[in-house]
Structures are given as structure tokens and as C-alpha cells.
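Each chain, letter by letter, is given below.
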Amino acid sequence: MAANKRMDSDEEMLVPETDSSTVQQPFPGHPMTQQPYAGAASAPPSYAMTPHPYYPGSTLPMGQVGTPAVTQNTTTVIVNQPAPIVTGPRDWASSVCSCCDDMGSCLLGMFCPMILACQISIDMGESACVPCCVPGWLNVLRTKLRAENNIQGSVMDDCCMSCWCGHCVMCQMSRELKFIRQSFHPVQ
């Protein structure tokens, strides 16, 4: 019944004494086995306190960087992705019958058509031999020029124009290539 007896505040609690030989010693390297602080009378170092940058009135030990206890992550949600600008096919820069717009290509197409044909082929990134070696070369080059530069028309249109107005088509293609060079690579 003595164990159930309640202790008054005036009474002292008796702790049994233990033999120091029975107390287990900490292992080597344990903080309790290390030597006290070297320096002034074995006192722990004092840490200077600095004001906390985010919470006025509270402090941080000197040398520590203050970080807020609560961080807010922001996420940007993209609802609409940017889409490429798609435009419809455009017209030729000049018509087939506008040969006089560029007299140089007009005269070259009329009197030296193979020189103009080789120049057009080279300007389009093809071999100069295409006009000599590829059957239907004018139809092929016109279709290529139209497809690469988003010019409206059809293969049937290219075929008819190349067969019946070959010289005028070469002049039109030469003018179109000059227009493209000036539009996308203007001379400074």
C-alpha cells in the first residue's frame, strides 16, 4: 500500500543510489566521452543572434540563412498551345504574260532559253543538267517551285502552261525566284 501512497509537495522523493561501476559507459566517439570545449574555462561557444529576415521579432543564429517556414509553389498552366500560322496558298507574284516586267529574263528566255533554263534549275537548288536530261523538266521545276512556296495551282495547270507557253513559263519562274529572293533575303 505504500506504493499507492500519494506524495505531498513537501516530501522528498528518494532515489536509490547506484554504484558507478554498474552504470554503462558510452562508446568511444560518443558526445559524452569527448573532451569539453577547448578555450575559455570549458564553456560552450556563444552564438550571436540575428533578426530573422521573414519573421520580424524572431531571431536566427548568426551565419544561418533564413528561409520561410511556408513556401508557396506557383504553377503556370498553359491552356492554349501556340499554333503555327497557316495561310492559304498565294498567287504568283506576276502572271505568265507579264514578260515585260523583267526585260532581262524576257530577252534571255526568247533568244537563249537553255541558258535561262539552266539558271532557273540552279536557283532552285537542282543541277544545271536538269533541263537537258530530265524529260518534262519545266513541268517538274514549276510544280516544285509552286509546292515549296505555297503558290496556288495544280499539276494539270503546270503541265498545260509548260507545254503551250514554255518560254513565258520560264520567264514567270525566273521573276518568281527573284521575287522570293528579294522578299526573304533583301539586299542591304
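Residues numbered from 1 in each chain as written. Predicted model: local features only at pLDDT ≥ 70, side-chain atom pairs only at ≥ 80, totals over all residues. Heavy atoms only, no water.

> Run through the overall build of the protein, naming residues and quoting values.
Looking only at helices and strands, the protein has 6 helices and 2 strands in total. Listed by position from the N terminus, the elements making up the protein come as β-β-α-α-α-α-α-α. When the 188 residues of the protein are sorted by exposure, 22% land in the buried category. Residue pairs in contact within the protein that sit at least 24 positions apart in sequence constitute 49% of those at least 6 positions apart. Here the protein has roughly 14900 Å² of accessible surface; of this, 61% comes from carbon and sulfur atoms. (Helix = DSSP H or I, 4+ residues; strand = E, 2+ residues; numbered from the N terminus. Buried < 20%, exposed > 50% of the residue type's maximum accessible area, 1.4 Å probe, protein only. Contact = heavy atoms within 4.5 Å. Areas by Shrake-Rupley, 256 points an atom, 1.4 Å probe, with all protein chains shown as cover.)

> Describe in detail the pattern of salt bridges, supporting the description with residues and values.
What the rule picks out here adds up to 7 salt bridges. One salt bridge connects K144 with E148, and the closest N-O pair in it is separated by 4.0 Å. Remark: E148 and K144 occur in helix α4 (residues 137-148); sequence separation between them is 4 residues, near one turn of the helix. For E148, a relative accessible area of 55% corresponds to the exposed category. (Salt bridge = Lys/Arg side-chain N within 4 Å of Asp/Glu carboxyl O.)

> Can you tell me about a nonpolar patch on the surface, naming the residues and giving the values?
On the surface, a nonpolar cluster with roughly 460 Å² of combined accessible area is contributed by M103, L107, M110 and F111. When you line up the elements, M103 lands in helix α1 (residues 103-111). (Patch = residues over 30% accessible without salt bridge, like charges linked within 9 Å, V, L, I, M, F, W, Y side chains within 5 Å.)

> Lay out unusual backbone geometry in plain terms, naming residues and giving numbers.
Positive phi values are uncommon outside glycine, yet N150 reaches one of about 55°. Within the secondary structure layout, N150 lies in the loop between α4 and α5 (155-164). Accessibility expressed as a relative area gives 35% for N150, which makes it partly exposed.

> Please give an account of the side chain of S94 that cites residues and values.
As for its placement among the helices and strands, S94 is situated in the loop between β2 (59-61) and α1. One polar contact links S94 to R175, side chain to side chain, over a distance of 2.8 Å. The contact partners of S94, leaving out residues within four places of it in the chain, are D101, Q172, R175 and E176. (Polar contact = N/O pair within 3.5 Å; in protein donor to acceptor, adjacent residues only side chain to side chain.)

> Explain the environment of C160 residue by residue, including any values.
Its location among the elements puts C160 in helix α5. Separated by 21 residues in sequence, C160 and N139 place their C-alpha atoms 8.6 Å apart.

> Please give an account of the nonpolar core that cites residues and values.
I120, M124, W137, L145, M170 and M173 are the most contacted members of the largest nonpolar core, which totals 19 residues. When contributions to this core are tallied by element, the ones reaching two or more residues are α2 (113-123), α4 and α6 (166-184). With 6 residues, the single largest contributor to this core is α6. For M124, the contacting residues outside a window of four places in its chain are L141, K144, L145, M173 and L177. (Core = buried A, V, L, I, M, F, W, Y, C linked by side-chain atoms within 4.5 Å.)

> A description of the packing of α1 against α6 should follow, citing residues and the corresponding values.
For the pair α1 and α6, interaxial distance at closest approach is 9 Å and the crossing angle is 145°. Crossing of α1 against α6: the hand is right-handed. Contact residues: S105, C106 and G109 in α1; H167, C171, S174 and R175 in α6. (Axes fitted to C-alpha atoms, helices over the stretch in contact; angles between N-to-C directions. Left-handed = near helix turned anticlockwise from the far one by under 90°.)

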